[in-house]
Amino acid sequence: MKRIIGLLLFTASLLSSDLLLQIDKNLQPGSSETYKKLINIEPDGSKKEFLLYQAKSGTDKMVSSFLKPVSEKGRNTLRLGENMWLYMPSVGRPIRITSMQSVVGGVFNNSDIMRVDFSSEYNLVKEKTDKATYVLELKAKNDTIAYDKLLMIVDKKTTTPTQIECYSSTGMLIKTLYYKNIKDFGSGIVRPSVIETKSPFYKGYKSIMIYGKITPKKFAAETFTIDNINKVNDLRR
Amino acid sequence: MMRLIVAICFLFSLIEANEYEFDMDAIETKTYEYSGYIKASQKHQKTKQNKTINSYLGEAIVGFDYFVEQWTLKSQFQANYYNTDKEEKSTDTINQLYIDYKLSSNNRFDIGKQSLMWGKAYFFNPVAFLDRKKDPNNPEASKEGYVIAHYKYNKSYERDLQNFSLDIVYMPTSKDTNDDFLDENSNTIALKAYFLYLDTDIDIIYFHNDKLDDKFGFDFSKNILTNFEIHGEYAKLDDENSSSVVGIKYLTSYDLTITSEYFDRSYRLKKPEPFYDKRYFINKFSLKEPFGMVYSSVYYKNSLNLLDNSTQNSLGTVYNFKNNIQLDLSYIKNIGEKKSEFGSKNIEDTILSKLIWYF
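For clarity, every value in this text was computed on a predicted model and none was experimentally measured.

Trainee: Sorry, what's going on with the overall build of chain A here?
Mentor: When helices and strands are tallied, chain A shows 3 helices and 13 strands. Within the span of chain A, comprising 237 residues, buried residues form 59% of the whole. Total accessible area on chain A is roughly 9,800 Å²; 57% of this is exposed by carbon and sulfur atoms.

The following block contains the structure:
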């Protein structure tokens, strides 16, 4: 009997990790380039916009470059697993940063902007299902991950998230991400094009991330090195 | 009534659609790029004799890059204007002007004037053998490079050694070229080997000049916790003398960044140089978004001369406006005994305001 239960649990865990992998695959191909816009909206309705270019390879390699506003232009970030570096033209060399820091100010932090695959950072610990959704509880694989626990609601039809609640290790809700506006980006990529974020720490503030273009693309492994962190923009040519 | 509700719903959907709009023209690539800033600063200083000095400073930096296939032309020009107590001075500098050629994803070559910015520390970089010395009070001010030829090899791996790169640099000096490095004919070869090994950045540096002593350097940087980074640099300058820095960067849960560095030089220089002939402990505390004010920060910086216990203290605030303008206001106070480094300065305190417009 114990063997049967063990086998069932093992099969369930395999299926669960398959589900997380499928979500990752649907959100972004393994190797791709993305253009996205971040908008910070203040309680008085005023806005600040940022335009970002990102290149991603595998499950845990990513580089980002701010294209707008001009005061942030050339501010590049590299993520290699749990390592993160920031390059600022005024400093002229990469410096190590943490995933909890916010590069742009406002509700989004580095981890939200430099999001790599969920399956590389989290284990699926609980899963509930109803007619239209899965409700997943994800636990960070180690304490270097920005959020200790995620509660993810996944739309069964598209196998993409509709809402993610992000919690700290003390169980405090840090922010909620709302995935909206399913869009066909071509090359078989159909995913939410908008992520809205609200946080109890930023009352009245709202941040929006809008995906403009996602294209599958292969990059040399050396693209994701600190020697090339100031050359991210060259990838666009 | 129904029509009105439908019209209102339509209007709201339009507003939301507009909020989610993405301008595809904004991501078009060009064969050239430019960027820069104009900075206006005002210093209001009080001397020990109770005299007031007002200084006005202007700084403009323009960077221009041009791209043709594997070739890139990179340049940066700087112009400065100083009006110190009605005495005027102006300077202009070519900070960088070089051509970069990408032979492959593993090999690059560049030639011209550029800064290499070696080292891992924020305020001092003993291993930056081929860069101009930083002013620890304004570490980002040093932007001018030297004329060099530079080859770089870069290779990534899927193992404990995640990345390796090798820099080979040749720098000549003469009465006309790189004369502020050495005012006579000489040749420099410098090598830097970089390793990203077990999530740790490590550099090993060797410097050889046919007229100067050989130098050897080592630096490292590592996140020992997700919010706690340590770094260090060591430079062996000749048989007797060395210079080193160790530091940390720590981010608290309420967005306070603490940067601390201890700098030591094993001897007093024959020719005194500001900062580089003493022992210092520098601490900077920077709090992001105080009182929930986004795009702002407050900071306090303390530079302690460990030989005479004198200090320089800066308390300031930075605000980034939405129209690419940044405002930086600070108050700087020198404290120390009469004969100490900071205590002997004729300026007692300074109110410094900087307005920067990025374009």
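Trainee: What's the story with the overall build of chain B in this structure? I'm lost.
Mentor: When helices and strands are tallied, chain B shows 1 helix and 18 strands. Looking at chain B residue by residue over its 359 residues, the buried ones come to 45%. Nonlocal contacts in chain B, meaning residues at least 24 apart in sequence, comprise 44% of its contacts between residues at least 6 apart. Put simply, chain B shows about 19,400 Å² of open surface, and 58% of that area lies on carbon and sulfur atoms. Mean positive and mean negative side-chain charge positions of chain B (43 and 52 charges, respectively) differ by 5 Å.

Trainee: Hey, could you run me through empty space enclosed by the protein in this one?
Mentor: Rolling a probe over the atoms, with the probe sized like a water molecule, indicates the empty space that remains. Residues and elements named next belong to chain A. Scanning the entire structure with this criterion turns up 4 cavities of 30 Å³ or more. Size it by volume and the largest cavity reaches roughly 190 Å³. For the lining of the largest cavity, the secondary structure elements donating two or more residues are helix 1 (2-27), strand 11 (173-184), strand 12 (190-198) and strand 13 (206-216). Considered class by class, the residues forming the lining of the largest cavity number 10 nonpolar, 1 polar and 7 charged.

Trainee: Help me out: how do you make sense of the interface of chain A and chain B in this one?
Mentor: Between chain A and chain B, the residue contacts involve 62 residues of the former and 59 residues of the latter. There are 6 salt bridges connecting chain A and chain B. Residue Lys61(A) pairs with Glu158(B) through a salt bridge whose shortest N-O separation is 2.9 Å. At the boundary of chain A and chain B, one finds 29 residue pairs in polar contact (both at pLDDT 80 or more). At the level of elements, strand 1 (32-41), strand 2 (47-57), strand 3 (61-68), strand 5 (83-87), strand 6 (94-96), strand 11, strand 12 and strand 13 of chain A are the ones that each hand at least two residues to the side of chain A that touches chain B. In terms of residue class, the side of chain A that touches chain B is built from 23 nonpolar, 18 polar and 21 charged.

Trainee: Honestly, the pairing of strand 7 (residues 161-173) of chain B in this entry has me stumped. Any pointers?
Mentor: A regular strand places its side chains so that they alternate between the two faces of the sheet. Residues and elements named next belong to chain B. Where strand 6 (residues 146-156) meets strand 7, 8 bridges bridge the pair, whose relative direction is antiparallel. Each residue of the ladder has a partner; that of Tyr153, found in strand 7, is Leu166. Between strand 6 and strand 7, which pair antiparallel in sequence order, lie 4 residues. Where strand 7 lies against strand 8 (residues 186-197), 12 bridges are found, and the strand directions are antiparallel.

Trainee: It is not clear to me how unusual backbone geometry should be interpreted in this structure. Could you clarify?
Mentor: Note: most residues except glycine have negative phi, and most peptide bonds are trans. Look at the link from Lys68(A) to Pro69(A): it is a cis peptide, with omega at -5°. Mapped onto the elements of the fold, Pro69(A) is located in the loop between strand 3 and strand 4 (76-80). Even without a glycine there, the phi angle at Asp85(B) is positive, about 50°. Assignment of secondary structure puts Asp85(B) in the loop between strand 3 (71-84) and strand 4 (87-102). Asp85(B) sits in the partly exposed class, given a relative accessible area of 36%. Of note in this structure, Asp199(B) is not a glycine but carries a positive phi near 60°. Along the chain, Asp199(B) turns up in the loop between strand 8 and strand 9 (200-209).

Trainee: It is not clear to me how the nonpolar core should be interpreted in this structure. Could you clarify?
Mentor: Soluble globular proteins tend to bury their nonpolar side chains together. Residue and element names in this part refer to chain A. One finds Ile23, Phe118 and Leu136 to be the most contacted residues of the largest nonpolar core, which totals 33 residues. Looking at this core, the elements that each hand over two or more residues are helix 1, strand 2, strand 7 (122-129), strand 8 (133-140), strand 9 (149-155), strand 10 (160-167), strand 11 and strand 13. For this core, the leading source of residues is helix 1, giving 4 residues. Setting aside anything within four residues of it in sequence, one finds Ile23 in contact with Phe118, Leu136, Met152, Val154, Thr159 and Pro161.

Trainee: For this particular structure, what's the right way to read the packing of aromatic side chains?
Mentor: Geometry of an aromatic ring pair is reported as the spacing of the ring centres plus the angle between the planes. All names here are of chain B. Taken as a whole and assessed by the stated rule, the structure comprises 19 aromatic pairs over all chains. Their ring planes at 20° and their centres at 6.3 Å tell us that Tyr32 and Phe64 sit as a pair that is stacked. Of the two residues, Tyr32 sits in strand 1 (residues 32-47) while Phe64 sits in strand 2 (residues 52-68), which places them 32 residues apart along the sequence. Overall, Tyr32 belongs to the partly exposed group, its relative accessible area being 35%. Judged by centre distance (5.3 Å) and plane angle (50°), the rings of Phe164 and Phe195 are tilted. Of this pair, Phe164 sits in strand 7 while Phe195 sits in strand 8; the two residues are 31 residues apart in sequence, bridging distant segments of the chain.

Trainee: Would you explain the pattern of salt bridges in this entry?
Mentor: Side-chain pairing between opposite charges can occur once the charged atoms of the two side chains come close. One pass over the structure, following the stated rule, counts 31 salt bridges over all chains. We note a salt bridge from Glu196(A) to Lys206(A), for which the minimum N-O separation is 3.9 Å. Here the residue Glu196(A) occupies a position in strand 12, and Lys206(A) occupies one in strand 13, the gap between them amounting to 10 residues. Each of Asp227(A), Lys120(B), Lys152(B), Asp167(B), Lys192(B), Asp203(B) and Asp219(B) takes part in a single network of salt bridges with overlapping partners.

Trainee: When you look at the confidence of the model for chain A in this model, what are you seeing that I'm missing?
Mentor: Low pLDDT marks regions whose predicted coordinates should not be analysed in detail. Per-residue pLDDT for chain A has a mean of 87; in total, 89% of the residues score no lower than 70. Segment residues 11-15 of chain A is flagged for pLDDT under 50; beyond a separation of four residues in sequence, or across chains, it makes 0 contacts in the model.

Trainee: Looking at this model, I keep getting lost on the domain arrangement of chain B. Mind explaining?
Mentor: Quoted interface sizes are often the accessible area lost when the parts come together. Residues and elements named next belong to chain B. Annotation of chain B at the domain level lists domain 1 (1-9 + 64-243) and domain 2 (252-359). Centre-to-centre separation of domain 1 and domain 2, based on C-alpha positions: 23 Å. The interface of domain 1 with domain 2 comprises 16 residues on the first partner and 16 residues on the second. Roughly 1,600 Å² is buried in total at the junction of domain 1 and domain 2, and carbon and sulfur atoms are behind 55% of that figure. Where domain 1 packs against domain 2, one counts 0 salt bridges. At the junction of domain 1 with domain 2, the criterion picks out 3 residue pairs in polar contact (both at pLDDT 80 or more). Residue classes in the side of domain 1 that touches domain 2 are distributed as 7 nonpolar, 5 polar and 4 charged.

Trainee: It is not clear to me how the pairing of strand 6 of chain B should be interpreted in this structure. Could you clarify?
Mentor: In this sheet, strand 6 of chain B lies alongside strand 5 (residues 107-114) of chain B in antiparallel orientation, the contact comprising 8 bridges. If you follow Phe109(B) over to strand 6 of chain B, its bridge partner there is Tyr151(B).

Here is what the cut-offs are and how they apply
Residues numbered from 1 in each chain as written. Chains lettered and ligands numbered in written order. Predicted model: local features only at pLDDT ≥ 70, side-chain atom pairs only at ≥ 80, totals over all residues. Heavy atoms only, no water. Helix = DSSP H or I, 4+ residues; strand = E, 2+ residues; numbered from the N terminus. Buried < 20%, exposed > 50% of the residue type's maximum accessible area, 1.4 Å probe, protein only. Areas by Shrake-Rupley, 256 points an atom, 1.4 Å probe, with all protein chains shown as cover. Contact = heavy atoms within 4.5 Å. Lys, Arg positive; Asp, Glu negative; His and termini not counted. Charge placed at Lys NZ, Arg CZ, Asp CG, Glu CD. 1 Å grid on protein atoms, 1.4 Å probe; cavity = no way out; pocket = protein on both sides within 12 Å on 5 of 7 lines; lining within 4 Å. Points joined across faces, edges and corners; volume = space filled by probe spheres on them. Nonpolar A, V, L, I, M, F, W, Y, C, P; charged D, E, K, R; others polar. Salt bridge = Lys/Arg side-chain N within 4 Å of Asp/Glu carboxyl O. Polar contact = N/O pair within 3.5 Å; in protein donor to acceptor, adjacent residues only side chain to side chain. Pairing = 2+ DSSP bridges. Core = buried A, V, L, I, M, F, W, Y, C linked by side-chain atoms within 4.5 Å. Phe/Tyr/Trp six-rings, centres within 6.5 Å; stacked < 30°, edge-to-face > 60°. pLDDT = per-residue confidence, 0-100. Domains from an automatic or database assignment. Buried area = accessible area lost by both parts, 1.4 Å probe.

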